[in-house]
Structures are given as C-alpha cells and as structure tokens.
Amino acid sequence: REGRRPLIAGNWKMHLTHLEAIGLVQKLAFSLKPAELEAAEVVVLPPFTALRSVQTLVTGDKLDIGFGAQDLSAADSGAYTGEVSGGMLAALACQYVTVGHSERRALHGEGDDVVAAKVRAALKHGITPVLCVGEGLDVRRAGTHVPHCTAQLDAALEGLDAGQLAGLVVAYEPVWAIGTGEVATPEDAQEVCGALRARLAERFGSDTADTLRILYGGSVKAANTAGILAGPDVDGALVGGASLDADEFAAICRTAA
Ligand code: G3P
C-alpha cells in the first residue's frame, strides 16, 4: 500500500456518554506514542452527543487523533426532526462521517439513493465520507459478494468524478462479520478490497484509485489485525466493539503503525 497511510477508525455506534468519550480519547492519546500516531491515522467516531466534547479535548490538547460522525442528513437544513446536517458537523471540525453503514441500511431503510445523497452531502461540506459496503450471509453463500459490493460502490458514487472524491474512504464490512466475532479471512478481505479498488480504477482512473483508502470492518481485534492488514489493498480497519476498549483499540492502532 505504497503511499497510503493506514487508517484505523473506531465506530463507537450507540455507546458512551460524552464523559466516557473523553475518558476513552484521553486513554488512547496517553497510550499511543507520537511515532505510532504518525505512522497510522487514528480516528474515533463517537455518537453525536459526544462530538463537541471530543472536539474540545482534541483541539485543546492538540491530540493527533481525528474524529468524525456516524451519520449525517442528506439535506442541508430544514424541517427534518432529529437529523444532523453536514454543515453542523463541519462546524464541529468533523473530518469523517460514515455513510451507508449496514446498520443504517438495514435498520433505517437507507437505500442506495439515500447513501448516494449522503455521500454528496458530506463532500459538499468538506467532510470525508467513509462509505460502507458489504454483503449479507445469503449473498456470501451465493458467491456473488464481489458484484454485490461493487454495485453498492457504483450506486453510491453515481455521477461523481475523480476530482470530487477528495480522499474518499471505502470500508468493506461483510454484514455476517459485524459484531459476530466471525472475522473474514485475510483472503476474503483482500478479495473484496482488491475488487473495489479495481472498480474505482475503472471509474476514476488508477491514479485516483491508488490514493484512496479501503478499510476492512467486521470483528476486528488486536489479535486478527495483522492478518487482515496484510492484504495489499486493505489500508486499515473500521472497528466496532473493540474500539470501545482503549487498550484493545490502541493495540490495533499499534499493529497498523
Ligand atoms: O463499523 C464497524 C462495525 O460495523 C464492525 O463492528 O463490532 O464487528 O467490530 P464490530
């Protein structure tokens, strides 16, 4: 992965109050050495309610830890009760936002059209989307996981050109591996991440595809990180459960560094 800095992002999902969030970020910053934080980019994705506290801590203490949100609205403002806009996240200096996570797709009915609109909303506000794609167990059993994931990628990036992608991050998260303890094999992860990069190269040219980072997510732990990251097209990890434990998450980051 020449030239691509590994990215380890912790998706906290609906866990941790703002006070707990501060504690976790402080522990991470204390545990990881400057050289490790330079070698691998470390990012946390807290719930909305903790973003301001994390921003204040990170900027106040000049921590080399990035942060972002787990979702955003496709709209800029208006009568959308409960939604949070890209502009609001940008005002909090969020660098990243996950889009198209399988939990949003499954539990909130977000289809490809919504995912595409959210990718555009993030880019419009200068926030890097972490675009999640991944197949369920039925698709994996049918052996059509590669076309399934490349179709999700195509749909989400419909109509965009290379210049608009601005560092886009793609995360391959097989649904059957999320929160199940059943991690994909390094070969599984590389197969799909490689296919996603090949598809990006077809669509946007290999210069662009070679710079974009593609992560694996699904039951990543310190013990399986090295194997997963061995794939030449796997540039990091999107970590759920294991990102809630400072020692475990720091060990994952250290492995990537
Ligand atoms: O976005 C990360 C996630 O879906 C993976 O979750 O708990 O299997 O690491 P987990």
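Use the structure listed above.
Residues numbered from 1 in each chain as written. Predicted model: local features only at pLDDT ≥ 70, side-chain atom pairs only at ≥ 80, totals over all residues. Heavy atoms only, no water.

Enquirer: What's the story with the sheet that holds strand 2 (residues 41-45) in this structure? I'm lost.
Expert: Strands in a sheet are paired, the pairing made by backbone hydrogen bonds, and the direction either parallel or antiparallel. Taken in spatial order, the 8 strands close into a barrel running 1-2-3-4-5-6-7-8, and their pairing is parallel. Here the average twist between neighbouring strands, direction ignored, is 25°. Pairing of strand 5 (residues 128-133) with strand 6 (residues 169-172), which is carried by 4 bridges, proceeds in the parallel orientation. Bridge assignment links Leu131 to a residue of strand 6, and that residue is Val170. Across the face of the sheet, helix 6 (residues 112-124) comes into contact with strand 4 (96-99) and strand 5 while running at roughly 160° to strand 5. (Pairing = 2+ DSSP bridges. Helix = DSSP H or I, 4+ residues; strand = E, 2+ residues; numbered from the N terminus. Axes fitted to C-alpha atoms, helices over the stretch in contact; angles between N-to-C directions. Contact = heavy atoms within 4.5 Å.)

Enquirer: Just to check I follow, could you spell out the state of the cysteines for this structure?
Expert: Note on terminology: disulfide describes a covalent bond linking the sulfur atoms of two cysteines. Under the defined criterion, the tally for this structure stands at 0 disulfides. Free cysteine Cys94: the closest other cysteine sulfur is in Cys132, separated by 15 Å. According to the relative accessible area criterion, Cys94 is buried, its value standing at 5%. This cysteine, Cys193, is not joined by any disulfide, and Cys149 carries the nearest cysteine sulfur, 9.1 Å off. (Disulfide = S-S within 2.5 Å. Buried < 20%, exposed > 50% of the residue type's maximum accessible area, 1.4 Å probe, protein only.)

Enquirer: Quick question: what am I supposed to make of the pairing of strand 8 (residues 236-239) here?
Expert: It is a general feature of regular strands that their side chains alternate between the two faces of the sheet. Alternating positions in strand 8 separate into two faces, Gly236 and Leu238 on one and Ala237 and Val239 on the other, with burial throughout. Bridge analysis of strand 7 (residues 213-217) against strand 8 gives 2 bridges, and the strand direction is parallel. Within strand 8, the position partnered with Gly217 by the bridge is Leu238. The parallel pair strand 7 and strand 8 is bridged by helix 12 (residues 222-229), and the resulting crossover is right-handed. (Right-handed = clockwise from strand over helix to strand, strands pointing away.)

Enquirer: Sorry, what's going on with helix 8 (residues 145-156) here?
Expert: Since one α-helical turn is 3.6 residues long, residues separated by three or four positions face the same way. The end-to-end C-alpha separation of helix 8 is 17 Å, in line with the 16 Å expected for 12 residues at 1.5 Å each. Check the buried side of helix 8 and you find it contacts helix 5 (102-107), helix 6, strand 5, helix 7 (137-142), strand 6 and helix 10 (186-204). (Expected span 1.5 Å × (residues − 1).)

Enquirer: What am I meant to see in the nonpolar core here?
Expert: Taken as a class, soluble globular proteins show a tendency for nonpolar side chains to be buried jointly. If you look at the biggest cluster of nonpolar residues, it comprises 69 residues, and the most contacted ones within it are Leu89, Leu131, Leu157, Leu196, Leu200 and Tyr216. Among residues more than four places away in sequence, those in contact with Leu89 are Phe48, Leu51, Ala69, Asp71, Leu72, Val84, Cys94, Val97 and Ile127. If you look at the next biggest cluster of nonpolar residues, it comprises 11 residues, including Leu7, Leu45, Ala171 and Leu215. (Core = buried A, V, L, I, M, F, W, Y, C linked by side-chain atoms within 4.5 Å.)

Enquirer: Is there a simple way to explain the side chain of Ser219 in this structure?
Expert: Inspection of the secondary structure assignment puts Ser219 in the loop between strand 7 and helix 12. Engagement of the side chain of Ser219 in a polar contact is seen with the backbone oxygen of Ala177, the distance being 2.7 Å. Among all residues touching Ser219, those that are not within four sequence positions of it are Ala177, Gly179, Thr180, Gly181, Glu182, Val183 and Asn224. (Polar contact = N/O pair within 3.5 Å; in protein donor to acceptor, adjacent residues only side chain to side chain.)

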